[in-house]
Amino acid sequence: MNKEVRIPTGISGLDRVIEGGVRDNTTLLVVGSSGTGKSTFAMQYLTYGLEHGENALYISMEEPPEQIMREARMLGFNLDKYYEKELFFFHSKGKDFVKLVDEQLPALVEANKNYSVKTRVVIDPLTPLIWSVNDKQEQREIITKLFYTMKQLGPVLITTEEHAAPGETIGEDVLIPIYMSDGAVHLTYRPIGGAFNRALEIVKMRATRHGEEVYPYIFVRGIGVVVRTTPLISAEDMRKYDDLFDQAIRTAADLGANETVLERLAYVKENWSYPFSPKETLQIFFESQGFTDALTREEIARRKEESMPSDVQLDIGELSANGSAEITEDIPEEKNADAEEEGLIEIDDLRELEEMIQ
Ligand SMILES: Nc1ncnc2c1ncn2[C@@H]1O[C@H](COP(=O)(O)OP(=O)(O)OP(=O)(O)O)[C@@H](O)[C@H]1O
Ligand SMILES: [Mg+2]
């Protein structure tokens, strides 16, 4: 279970599907083509922090602060009262991004070191820096360094413009920043008319149970964007398959699974977040661990005799994707009877079990 403190992004709807927000000292990349709303996301993110007693640092590579403030106002964010009190700008006037990343920003972070107020950082957009470096290796190094430096201040939101070629799902030019970020959301715009032709997808979110759908978002004057998400399944619903997991864990133990595998299964149980049964997943996992074809029931029974008797036994045939018929045929009737005498319940169909649970 992840009990780490989450920092709300303030981007309406997004926090719902990322366990409440981002983790401190991480980077969140917002990727999208021109006009998808990246700056709106960034402003909303900053505003939330400012309105909740945090400081904010806005790093711009091209636009001067006055222009950013003006555009923010047009997007419905009036940041005047925070300007140079809680909200600071770092405008890289020159095009010397290497110097910016190697010297200026580390110096800024160093100067802020003993400052206790949390600072959320926005880099909007990262694009000029990416374009200034052609060599991929160099690009990687400069982005790594930039992210590493800025993360020390607080949670960082970076936007970057994408230029996807036709047929590409994600533009090639943004793969490195996505790879280097702790989290990434992808904004797409489909010019097909109608109100809901903009959509957000979570590409990745490290150490986070996150939504996997395509979420439409709308612009709302006075708020910014509202991402139309449905909350992830409730904590209560997450527990729905506990019994099934417990059976599977016992079965795995009976089949000689080592401690690591059992711990892993327990972890999966704690984190199962889908509204559907984990049965198929467990079948596939068991098979990948060699818990199926290699083992006949006799072998299972033999192993069981050697180890502690367990009270419930899952039918491995049911957990096996193939070859289940063979396994079943191998079993003499008495064996089954024996098993029952030992107090082992044979459950032939996990579906029954699921029904029982529901
Ligand atoms: N209140 C609104 N109602 C409708 N559309 C809006 C609203 N606010 C913003 N938009 C749309 O979003 C677009 C730009 O938003 P934003 O500046 O956040 O995008 P961006 O991805 O940062 O763009 P760029 O690549 O130019 O930096 C506007 O051009 C407009 O089409
Ligand atoms: Mg923008």
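Quick summary incoming for the structure in this document. (Residues numbered from 1 in each chain as written. Chains lettered and ligands numbered in written order. Predicted model: local features only at pLDDT ≥ 70, side-chain atom pairs only at ≥ 80, totals over all residues.)

Topic: the site of ligand 1
Inspection of the region around ligand 1 gives Gly32, Ser34, Gly35, Thr36, Gly37, Lys38, Ser39, Thr40, Leu75, Glu161, Phe219 and Arg221 as its neighbouring residues. It is helix H1 (residues 38–51) that contributes the most residues to the shell around ligand 1, three residues altogether. Tallied by class, residues from the shell around ligand 1 come to two nonpolar, seven polar and three charged. (Near = placed C-beta within 6 Å. Helix = DSSP H or I, 4+ residues; strand = E, 2+ residues; numbered from the N terminus. Nonpolar A, V, L, I, M, F, W, Y, C, P; charged D, E, K, R; others polar.)

Concerning the nonpolar core
Within the largest apolar cluster, 56 residues are counted, with the highest numbers of intra-cluster contacts made by Val30, Tyr45, Leu46, Tyr58, Val121, Val122 and Leu157. Considering each element in turn, this core owes the most residues, seven residues, to H1. Those residues in contact with Val121, other than ones at most four positions away along the chain, are Leu57, Ile59, Met150, Leu153, Gly154 and Val156. Counting residues in each nonpolar core, the second largest holds twelve residues, with Tyr241, Leu244, Ala248 and Ala257 among its members. (Core = buried A, V, L, I, M, F, W, Y, C linked by C-beta atoms within 7 Å. Buried ≥ 20, exposed ≤ 12 C-beta atoms within 10 Å, placed from the backbone. Contact = placed C-beta atoms within 7 Å.)

Section: the sheet that holds strand S7 (residues 156–161)
Overall, mixed pairing links the nine strands, which are arranged S5-S4-S6-S7-S3-S8-S9-S10-S11 in an open sheet. Every interior strand has two partners, whereas the edge strands, strand S5 (87–91) and strand S11 (224–227), have only one. For this sheet, the mean angle separating the axes of adjacent strands, direction not counted, is 25 degrees. As paired elements, strand S8 (residues 183–189) and strand S9 (residues 198–205) share seven bridges and run antiparallel to each other. In the strand pairing of S9, Val185 is matched with Ile202. On the sheet, helix H5 (residues 136–151) packs against strand S3 (27–32), strand S6 (119–123) and S7 and is oriented at approximately 150 degrees with respect to S7. (Pairing = 2+ DSSP bridges. Axes fitted to C-alpha atoms, helices over the stretch in contact; angles between N-to-C directions.)

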